[in-house]
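# Chains, contacts and geometry: an overview
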Amino acid sequence: MEKISHATPRSKLIFLSVSVIMKIFLSSLSANANPAPTQFSRLVRSAPGAISSNLCKGTPYKAACESVLLSLETNYKDNSNALPKTPKDLFGHSVQFTLGHAHSALDLASIILSQRGAAATTTTTNHLVAAGGGLHDCMELLEDTLDQLSNVVMNRKNNPATTKTHPQDVHTWLSAALTNQETCLESLDQSTKFEPEYRGIMGTMARNLSQHISNSLSLFVSNFQGGSSSSTSSGNKNNNGRKLLWDWDSGSNKDFPGWVSLSERKLLEASTGEIEMKAHAVVAKDGSGTHKTIGEAIRAVLGGGGAATTLAAGGGGGKNVIYIKAGTYKETLKFPTKQKNVMLVGDGKGKTIITASKNAEDGSTTYDSATVGVMGDGFMARDITFENSAGPNKHQAVALRVGSDRAVIFRCSILGYQDTLYTLSKRQFYRDTDIYGTVDFIFGNSAVVLQNCNINARSYGERNFVTAQGRTSPEQNTGISIHNCRINAGSVTYLGRPWKQYSRTVFMQSALAGSIHPSGWYPWAGGNNPKSVYYGEYQNSGPGASTSGRVKWPGYHPVLTSSEAQGFTVGGLIAGNQWLPSTGVSYDSGLIG
């Protein structure tokens, strides 16, 4: 995908000392984050054709917004017709401006990494790897942010009738880009041994980008969707009669989106024999496949030569299928943003096992502790156990982290203790999957529906928490929806707690065990239960389903209406009717019954 950059070329930056780069970049960030209001006001008064500062009215970070206006005044001083006249016009400029800063930030992170020396990137120097782990996380997240912002820019330029862009896509891309910055900051906070000066500049970068992305998101929601998504999810064309940026021109399940090819349909229901014949690689510990390790297969299919690599680079031309035969594979796997349309197929839960034990206690960030971490869009997994075996005393230890858009996890097991399943960002669907954990073991800031799953709180400690949703802005279209699942618990368990200010989670038509605490929900550390959370329950059953003793928080909804609940279904929260039919996975589009 074409990248639009306003950054200084990396080849030129590399010859400057990192201290000089840091000073220049910090100065730039300071100017962008806090442009002098009097300077902007003088500019507006002295130039009758100048942009009105009212364009920034309603954005959450007005000073950052005004820095975009100042930039536009400079760039278009000889062409006033190109200047935005309305907040709606400003949206595209805001995204383009933010994209340029994201490019610059990635350049800076690369320079810092090179200055730290080769020792920081080698796995033989564990203390240096741990110290710089936050930087590595930020670089991966910046690459994904560039992808999301580029998606917005490129799709505004293309013909919607050709690209068939769903109206929810832009909302998802901007929400994910914002989540990436928050995740970068969390990783930096966990990297306490990382040099303070480097940690400081990367943190400043992430906070600056967060402001500009938040403004772009706000401009999008207020000008192209007619309101905030602070209560229930948007995504349906006729939801509340909102006008969307682009109309989706087909409501038929028979008309698949442009990214779906005929060859990849029904893959999730194919037999293992069919999968083995179609797979680009077959992994078997006994040597009966094309590779003995999953890592080797990934490098061959996604990083080597041949037709499979060409397929991988094609973006939407089919799935890159890796069949993993029964066995226990002690490996840590990463699928970065550029590795899209990957499908992992195993021989069944408890038969094909991918396991590792990275954890926070031993120096990993939460993000990097994942046994399998996925950022590339279109990821699918079937009949596999993902495990983090670190144990309950190692704190954060992720088994599976997913930041893939239109991701499907089908008939899998996800095993861990604290922070087992990290639903990081974008749109995800889990079906017929078993999830085991203790503390916050389903967490993140994606738009995710878990359907017909077994959610198992392990017996450990004095209390468990099933969810910890991480929504940081009322404009993000994210939330956790647990629909028609079974919540099993061997000790006192809470449905969730508010990890972030706008945390949003619902349990619908699910069976709740008797060990679910009567209050249902628990404050975050320090007793924080913000009014801005959105928690809800709808037609749950079982001994733990009574809402009579639930918390009295303003943001808690003990009895959702059917209309409110519909917003958190597959069709409402993740627009699944437009992409799930292509996979062959079973799903319920709306409420049951």
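Residues numbered from 1 in each chain as written. Predicted model: local features only at pLDDT ≥ 70, side-chain atom pairs only at ≥ 80, totals over all residues. Heavy atoms only, no water.

## Details of the pattern of salt bridges
Under the criterion given, the structure shown has 21 salt bridges. Where lysine 349 meets aspartate 434, a salt bridge forms, and the shortest distance between an N and an O atom there is 3.1 Å. Separated by 85 residues along the polypeptide, lysine 349 in the loop between β5 (342–345) and β6 (352–356) and aspartate 434 in strand β15 (residues 434–437) bring together distant segments of the chain. A residue is classified by how much of its surface remains accessible, and aspartate 434, at 11% relative accessible area, is buried. (Salt bridge = Lys/Arg side-chain N within 4 Å of Asp/Glu carboxyl O. Helix = DSSP H or I, 4+ residues; strand = E, 2+ residues; numbered from the N terminus. Buried < 20%, exposed > 50% of the residue type's maximum accessible area, 1.4 Å probe, protein only.)

## Let's talk about the sheet that holds strand β18 (residues 454–457)
Read from one edge to the other, the open sheet built from eight strands follows the order β3-β6-β9-β12-β15-β18-β21-β24, with strand pairing classed as parallel. Two strands close off the open sheet at either side, each with one partner strand: β3 (327–330) and β24 (511–512). Looking at chain direction, β6 and strand β9 (residues 385–388) are connected through four bridges and run parallel. Within β9, the position partnered with threonine 355 by the bridge is glutamate 387. (Pairing = 2+ DSSP bridges.)

## Here's the deal with the packing of aromatic side chains
On inspection of all chains with the given rule, the structure shows 15 aromatic pairs. With a centroid separation of 5.8 Å and 40° between ring planes, the pair formed by phenylalanine 91 and phenylalanine 220 is classed as tilted. With phenylalanine 91 in helix α5 (residues 87–115) and phenylalanine 220 in helix α10 (residues 196–224), this residue pair connects regions lying 129 residues apart in the sequence. Like phenylalanine 220, phenylalanine 91 is buried. Centroid distance tyrosine 422 to phenylalanine 443: 4.2 Å. Interplanar angle 20°. Geometry classified as stacked. Of the two residues, tyrosine 422 sits in strand β13 (residues 421–423) while phenylalanine 443 sits in strand β16 (residues 439–444), which places them 21 residues apart along the sequence. When sorted by exposure, tyrosine 422 lands in the same class as phenylalanine 443, which is buried. Through a chain of ring-to-ring contacts, the aromatic side chains of Phe507, Trp521, Tyr535, Trp553 and Tyr556 assemble into a single cluster. Over the ring of phenylalanine 465 we find arginine 497; its NZ or CZ atom is 4.3 Å from the centre of that ring. The lysine or arginine in question, arginine 497, covers the ring of tryptophan 524, its NZ or CZ lying 4.1 Å from the ring centre. (Phe/Tyr/Trp six-rings, centres within 6.5 Å; stacked < 30°, edge-to-face > 60°. Lys NZ or Arg CZ within 6 Å of the ring centre and 35° of its normal.)

## As for unusual backbone geometry
In this structure, aspartate 383 is a non-glycine residue whose phi angle is positive, near 60°. Of note, aspartate 383 is situated in the loop between β8 (380–382) and β9. Phi at glutamine 539 takes a positive value of approximately 50°, unusual for a residue other than glycine. Following the sequence through the fold, glutamine 539 ends up in the loop between β25 (534–538) and β26 (556–557).

## A closer look at the packing of helix α4 (residues 62–75) against α5
Here α4 crosses α5 at 95°, and the two axes come no closer than 10 Å. Taken together, the axis directions place α4 and α5 in an arrangement best described as roughly perpendicular. Across from Cys65, Ser67, Val68, Leu69, Ser71 and Leu72 in α4, the residues of α5 making contact are Leu90, His93, Ser94 and Phe97. Residue composition of the contact of α4 with α5, grouped by class: six nonpolar, four polar and no charged. (Axes fitted to C-alpha atoms, helices over the stretch in contact; angles between N-to-C directions. Parallel < 35°, antiparallel > 145°, perpendicular 65-115°, else oblique. Contact = heavy atoms within 4.5 Å. Nonpolar A, V, L, I, M, F, W, Y, C, P; charged D, E, K, R; others polar.)

## Quick notes on the nonpolar core
In this structure, Leu90, Phe91, Leu135, Leu174 and Met202 are the most contacted members of the largest nonpolar core, which totals 57 residues. Each residue touching methionine 202, except ones within four places of it in the same chain, is listed here: Ala109, Ile112, Leu135, Cys138, Leu142 and Leu188. Core analysis: the second largest hydrophobic core is formed by 55 residues, Phe441, Ala457, Ile480 and Ala489 among them. (Core = buried A, V, L, I, M, F, W, Y, C linked by side-chain atoms within 4.5 Å.)

## Quick notes on the UniProt feature "active site" (unreviewed entry) in the chain
Per the UniProt record, the feature "active site" (unreviewed entry) sits at Asp440. Overall, the relative accessible area of 5% leaves aspartate 440 in the buried class. Residues within four places of aspartate 440 in sequence aside, it is in contact with Asp419, Phe465, Val466, Thr467, Ala468, Arg497 and Trp524. (UniProt positions renumbered as here; feature names shortened; annotations may be inferred.)

## Focus: the environment of tyrosine 430
Among the structural elements, tyrosine 430 can be located in strand β14 (residues 427–431). We classify tyrosine 430 as buried; its relative accessible area is 1%. Residues tyrosine 430 and alanine 381, 49 residues apart in the sequence, show an inter-C-alpha distance of 9.7 Å. Contacts of tyrosine 430, omitting those with residues within four sequence positions, involve Val402, Ile409, Ile414, Leu421, Thr423, Val448, Val449, Leu450, Gln451 and Cys453.

## Regarding empty space enclosed by the protein
One pass over the structure, following the stated rule, counts four cavities of 30 Å³ or more. Together, Thr179, Glu182, Thr183, Glu186, Tyr422, Leu424, Gly444, Asn445, Gly470, Thr472, Trp499 and Lys500 line the largest cavity. For the lining of the largest cavity, the element with the highest residue contribution is helix α9 (residues 167–190), accounting for four residues. In the lining of the largest cavity, the residues fall into three nonpolar, six polar and three charged. (1 Å grid on protein atoms, 1.4 Å probe; cavity = no way out; pocket = protein on both sides within 12 Å on 5 of 7 lines; lining within 4 Å. Points joined across faces, edges and corners; volume = space filled by probe spheres on them.)

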